Amino acid sequence: MEPINKHQGLVYPLNRGNIDTDQIIPKQFLKRIERQGFGQFLFYNWRFHDDGTPKQEFSLNDKKYQNASILVAGENFGCGSSREHAPWALQDFGFKVIIAPSFADIFYNNCTKNGILPVQLTEQQTKQLMTRAETEPYTITVDLENQLVSDAGDFRASFQVPAYQKEMLLNGWDEIAVTLTHADKITEFEATRS
Amino acid sequence: MNEPKTIVEKIWDKHVVHREEGKPDLLYIDLHLVHEVTSPQAFEGLRMKNRQVRKPELTYATMDHNVPTIHRNVIKDAVSKKQMQTLKDNCSQFGISLADIDHPDQGIVHVIGPELGLTQPGKTIVCGDSHTSTHGAFGALAFGIGTSEVEHVLATQTLWQAPPKTLKVQVNGELGSGVTAKDLILAIIAKFGVRFGTGHVIEYTGEAIKNLSMEERMTVCNMSIEAGARAGLISPDNKTVEYLRGKRHVPKEADSFEKAAAEWKALASDPEASYDKVVEIEAAEIEPQVSWGTNPGMCLPVSASVPDPNQAETANSKEEIERALEYMGLEAGQQISSVAIDHVFIGSCTNSRLSDLRRAAEVIRGKKVNPKVKAIVVPGSFSVKTAAEAEGLDVIFTQAGFQWREAGCSMCLAMNDDIVPPGERCASTSNRNFEGRQGNGARTHLVSPEMAAAAAIEGHFVDVRKFTEATLHS
Ligand code: SF4
């Protein structure tokens, strides 16, 4: 996976709570056996009419957010199904960082396995980011090393990230390769149980 | 004396392969269940790095999400067909047992695990599926994982996991008659919200939980993820042992089974064990539930009316209620029992086991499905279907006007042809009422099998307790 450290990008605000992975990528797109190419289906039922034409009223279709790479959303982002197609779709669409007041556990994990940085800020801080991004093109910087979100003005917010996930993201490690360095311990463990 | 421990701590301690300061534990996985939707990219990852499946004998695969339920071998969708073929190829390449589409063991992954006795107390069980929590009913630590983790388990039989926090949900007293395990879990989520379990493993305890059958316990644990918890479990007891006795994958010899049974029961949480969080609920206060909104926390007793966004309670904000009402096509203040339905779906890993079908059949016996309603029953597995047919349940259903289908996930997520059309309304025994879950624009109401059966007959929601009472006296 690609390492991620410091990312500067345009914010796309999606002011809804409990966004589930069925919304992030609906089931009809889970049939593919590839990892790539899911971006076109991101938020499909919100973005498109039945005939495939874009829904103008859905903000992600607004030109001003075209190059956004940081998604800011409401609490419990990514709840529901464990489908990793959700982070794959977000990433393929161009999102590198997701900011929310809270994340569903499996989704959070899935992000960190794919080089997407999930950032947990307070309800108030996310609101602040959303309000700014709704009114003007708004760029922020997310610094994983220093665990800090900032803008060109006075916004500064630090965030928590578990040490292990941080290390994985910063280095873009292949987790299986790391685990296999403990292969003898696994073998030993197996021997004690049979 | 040893420090009192929860079942979660006991299972955890037995599975740590490697522990290191500042890192999660490397946890050994005893059983890895696989289905066609979340595995192809994982197997592809193995191939790309030239890796093997470490323990094919601890891995078990089934087809469930895509399978057609009318003619199981007629898969119209070419992409679905390819996904299923891919699982078949992967299982044969890597030496994994597969309950293929025409195999007598085929069924929804969370239904067949327990049926085959693969699910056992004390095991760590994972699957690329969030409802893996179902297996917790047996006192296993079972949780859903993403596809990268599926690949990781295939390659190493382990996962890096930080010890979870524990949350005790104590259900006091007894459930009233006509109130089911489904109503109980829906009421728990409605009361405490869709996030209250985040970061925790739930342990369900209390008199009402003890009284539940194993199949009812599975219904409860199944929906733990809907409360935000990755896993939910129940300490094993005699019921657990009796359910497993004689199942294919448990120890055969009487001696070794009794020995295993004793070990299982010893896993039960110690009475003095402490939890990170404890909540309580009174079983007697719970009524049959109907969901009105677009997440499983948006549930009501069947006697109640749809909430008014202007009187938003704390669980859901004004905007959330407004959005949900709009999507669901409901009016604030409307009696939920007045809502007419177009479809009834009895099935899914929440409520598709033999006892679910029996109870639904009891409600409809000798009656007719409302002509406006299209109703289907999808057994959770091939063996549930066979057993139900052996006792004539299929006849009761079809005579009432239900369609009797082949086993699979079906209308729970509508990946096959079983789709609820836009704007239409379904009383469903599944676990998720998210927007578009049963089809783009479809409106889902989560209910118990009994409530779904009664709604099929009446054409709208009714309190199944009054419904059956009225029938008994007529
Ligand atoms: S029945 Fe529904 S919830 Fe259960 S595994 Fe299948 S799709 Fe998932």
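Owing to the predicted nature of the structure, the values given are computational and were not obtained by experimental measurement.

Enquirer: Account for the overall build of chain B, naming residues and giving values.
Expert: When you go through chain B residue by residue, the secondary structure sums to 16 helices and 19 strands. Against the globule reference of 23 Å for 474 residues, chain B gives a C-alpha radius of gyration of 22 Å, in line with a compact fold. The principal-axis extent of the C-alpha atoms belonging to chain B is close to 60 × 55 × 50 Å. With 474 residues in all, chain B has 65% of them scored as buried. For chain B, the accessible area works out to roughly 16700 Å², and carbon and sulfur atoms hold 50% of it. For chain B, the distance from the average position of its 50 positive side-chain charges to the average position of its 62 negative side-chain charges is 3 Å.

Enquirer: An account of the sheet that holds strand β12 (residues 277-282) of chain B is needed here, citing residue identities and associated values.
Expert: Residues and elements named next belong to chain B. Pairing is parallel in the open sheet, where 4 strands are placed in the order β11-β10-β9-β12. For this open sheet the edge positions go to β11 (231-233) and β12, each flanked by a neighbour on one side alone. Shown here is a sheet whose adjacent strand axes are inclined to one another by a mean of 20 degrees, direction ignored. Of the strand pairs in this sheet, strand β10 (residues 200-205) and β11 are connected by 3 bridges, and their pairing is parallel. Each residue of the ladder has a partner; that of isoleucine 202, found in β11, is glycine 232.

Enquirer: Tell me about empty space enclosed by the protein, residues and numbers included.
Expert: In total, this model carries 3 cavities of 30 Å³ or more according to the counting rule given. Reported here for the largest cavity is a volume of approximately 230 Å³. Lining the largest cavity are 24 residues, with B:His65, B:Asp129, B:His131, B:Leu413 and B:Arg437 sitting closest to its centre. Residue classes in the lining of the largest cavity are distributed as 8 nonpolar, 11 polar and 5 charged. Of the pockets and cavities examined, the second largest cavity occupies roughly 160 Å³. Around the second largest cavity sit 18 residues that line it, and A:Asn76, A:Cys79, A:Gly80, B:Ile225 and B:Gly228 are the ones nearest its centre. Each residue belonging to the lining of the second largest cavity can be placed in one class, and the counts come to 8 nonpolar, 7 polar and 3 charged.

Enquirer: Account for the interface of chain A and chain B, with residues named and values stated.
Expert: Each side of the interface is counted separately: chain A has 51 residues, and chain B has 65 residues. Contact with chain B buries area across many residues of chain A, yet A:Lys27, A:Lys31 and A:Ile33 alone supply 16% of it, more than any other trio. Where chain A touches chain B, the interface holds 8 salt bridges. Its salt-bridge partner being A:Asp174, residue B:Lys49 comes within 3.2 Å of it at the nearest N-O pair.

Enquirer: So, the sheet that holds strand β5 (residues 97-99) of chain B: which residues are in play, and what are the values?
Expert: Residues and elements named next belong to chain B. With parallel pairing, 5 strands are arranged side by side in an open sheet as β5-β4-β3-β6-β7. Edge strands, defined here as strands with exactly one partner in the open sheet, are β5 and β7 (141-144). Adjacent strand axes in the sheet meet at a mean angle of 20 degrees when their direction is disregarded. For strand β3 (residues 31-35) and strand β6 (residues 124-127), the ladder comprises 3 bridges, and the chain directions are parallel. Paired with histidine 32 across the bridge in β6 is valine 126.

Enquirer: Hey, could you go over the packing of helix α2 (residues 40-48) of chain B against helix α5 (residues 147-156) of chain B for me, with residue numbers and the actual values?
Expert: If you want to describe how two helices pack, look at the angle between their axes and the distance between the axes. Residue and element names in this part refer to chain B. Packing of α2 against α5 brings their axes to within 8 Å, and their N-to-C directions diverge by 50 degrees. In terms of their interaxial angle, α2 and α5 are classed as oblique. As for the relative orientation of α2 and α5, their crossing is right-handed in sense. Counting all contacts with α2, which are made through Gln41, Ala42, Phe43, Gly45 and Leu46, the residues of α5 involved are Thr147, Val150, Glu151, Leu154 and Ala155. Residue composition of the contact of α2 with α5, grouped by class: 6 nonpolar, 3 polar and 1 charged.

Enquirer: Account for the nonpolar core, with residues named and values stated.
Expert: Counting residues in each nonpolar core, the largest one holds 111 residues, and the members touching the most others are A:Phe43, A:Phe77, A:Ile99, B:Phe397 and B:Phe402. Split by domain, the residues of this core number at least three in each of domain 1 (7-162 + 250-261) and domain 3 (293-469) of chain B. If we ignore the near neighbours within four places in the chain, the residues touching B:Phe402 are B:Val344, B:Ile346, B:Ile364, B:Val369, B:Ala375, B:Ile376, B:Val377, B:Phe397 and B:Ala456. Within the second largest apolar cluster, 43 residues are counted, among which are B:Leu175, B:Met218, B:Val241 and B:Cys299.

Enquirer: Now, about unusual backbone geometry: what can you tell me, with residues and values included?
Expert: Of note in this structure, A:Gln147 is not a glycine but carries a positive phi near 50 degrees. Here A:Gln147 shows up in the loop between β5 (139-143) and β6 (148-151). One non-glycine residue with positive phi stands out, namely B:Gln157, at about 60 degrees. Look at B:Gln157 and you get buried, because its relative accessible area is 0%.

Enquirer: Provide a residue-level description of the domain arrangement of chain B, including the pertinent values.
Expert: All names here are of chain B. As assigned here, chain B comprises domain 1 (7-162 + 250-261), domain 2 (165-236 + 270-285) and domain 3 (293-469). Domain 1 and domain 3 are separated by 29 Å when their C-alpha centres are compared. Counting from both sides, the interface comprises 24 residues of domain 1 and, opposite them, 23 residues of domain 3. Here domain 1 packs against domain 3, burying approximately 1900 Å² in sum over the two surfaces, 56% of which is carbon and sulfur.

Enquirer: I'd love a proper account of the pattern of salt bridges, names of residues and values included.
Expert: Residue and element names in this part refer to chain B. Summed over the entire model, instances satisfying the criterion amount to 41 salt bridges over all chains. Of the charged contacts, one joins lysine 10 and aspartate 270 as a salt bridge, the two residues approaching to 3.0 Å between their closest N and O atoms. Of this pair, lysine 10 sits in helix α1 (residues 7-13) while aspartate 270 sits in the loop between α10 (254-266) and β12, and the two are 260 residues apart along the sequence. Salt-bridge contacts for arginine 432 lead to glutamate 226; the nearest nitrogen and oxygen are separated by 2.6 Å. Of this pair, arginine 432 sits in the loop between β18 (425-428) and β19 (443-446) while glutamate 226 is found in the loop between α8 (214-222) and β11, placing the two residues 206 residues apart along the sequence. What makes glutamate 226 buried here is its relative accessible area of 3%. Among the charged side chains, a salt-bridge network with shared partners connects Arg72, Lys385, Glu389 and Glu406.

Enquirer: So what's going on with the site of the ligand? Residues and values would help.
Expert: Residue and element names in this part refer to chain B. Taken together, His65, Ile108, His110, Asp129, His131, Ser348, Cys349, Cys409, Cys412, Leu413, Asn431 and Arg437 are the residues near the ligand. Given that more than half its atoms are within 2 Å of the pocket grid, the ligand belongs to the largest cavity. Among the residues forming the shell around the ligand, the class breakdown is 5 nonpolar, 5 polar and 2 charged. Each of domain 1 (7-162 + 250-261) and domain 3 (293-469) gives at least three residues to the shell around the ligand.

Enquirer: I'd like a rundown of the packing of aromatic side chains, residues and numbers included.
Expert: Following the criterion strictly, the structure yields 22 aromatic pairs over all chains and no others. Seen from their ring centres, A:Phe29 and A:Phe41 are 4.1 Å apart, and the 5 degrees between their planes marks the pair as stacked. Of this pair, A:Phe29 sits in the loop between α1 (21-24) and α2 (44-47) while A:Phe41 sits in the loop between α1 and α2, and the two are 12 residues apart along the sequence. A:Phe41 shares its class with A:Phe29; the two are buried. Plain terms: the ring middles of A:Phe43 and A:Trp46 are 5.6 Å apart, the flat faces sit at 10 degrees to each other, and that makes the pair stacked. Note on accessibility: A:Phe43 and A:Trp46 belong to one class, buried. Here a set of aromatic residues connected by ring pairs shows up, and it is made of A:Tyr12, A:Tyr65, A:Phe93 and A:Phe95. Stacked on the ring of B:Tyr243, the Lys or Arg B:Lys247 has its end atom at 4.3 Å from the ring centre.

Reading guide: rules and limits
Residues numbered from 1 in each chain as written. Chains lettered and ligands numbered in written order. Predicted model: local features only at pLDDT ≥ 70, side-chain atom pairs only at ≥ 80, totals over all residues. Heavy atoms only, no water. Helix = DSSP H or I, 4+ residues; strand = E, 2+ residues; numbered from the N terminus. Rg over C-alpha atoms; globule rule 2.2 N^0.38 Å. Buried < 20%, exposed > 50% of the residue type's maximum accessible area, 1.4 Å probe, protein only. Areas by Shrake-Rupley, 256 points an atom, 1.4 Å probe, with all protein chains shown as cover. Lys, Arg positive; Asp, Glu negative; His and termini not counted. Charge placed at Lys NZ, Arg CZ, Asp CG, Glu CD. Pairing = 2+ DSSP bridges. Axes fitted to C-alpha atoms, helices over the stretch in contact; angles between N-to-C directions. 1 Å grid on protein atoms, 1.4 Å probe; cavity = no way out; pocket = protein on both sides within 12 Å on 5 of 7 lines; lining within 4 Å. Points joined across faces, edges and corners; volume = space filled by probe spheres on them. Nonpolar A, V, L, I, M, F, W, Y, C, P; charged D, E, K, R; others polar. Contact = heavy atoms within 4.5 Å. Buried area = accessible area lost by both parts, 1.4 Å probe. Salt bridge = Lys/Arg side-chain N within 4 Å of Asp/Glu carboxyl O. Parallel < 35°, antiparallel > 145°, perpendicular 65-115°, else oblique. Left-handed = near helix turned anticlockwise from the far one by under 90°. Core = buried A, V, L, I, M, F, W, Y, C linked by side-chain atoms within 4.5 Å. Domains from an automatic or database assignment. Near = heavy atom within 4 Å. Sits in = over half its atoms within 2 Å of the grid points. Phe/Tyr/Trp six-rings, centres within 6.5 Å; stacked < 30°, edge-to-face > 60°. Lys NZ or Arg CZ within 6 Å of the ring centre and 35° of its normal.

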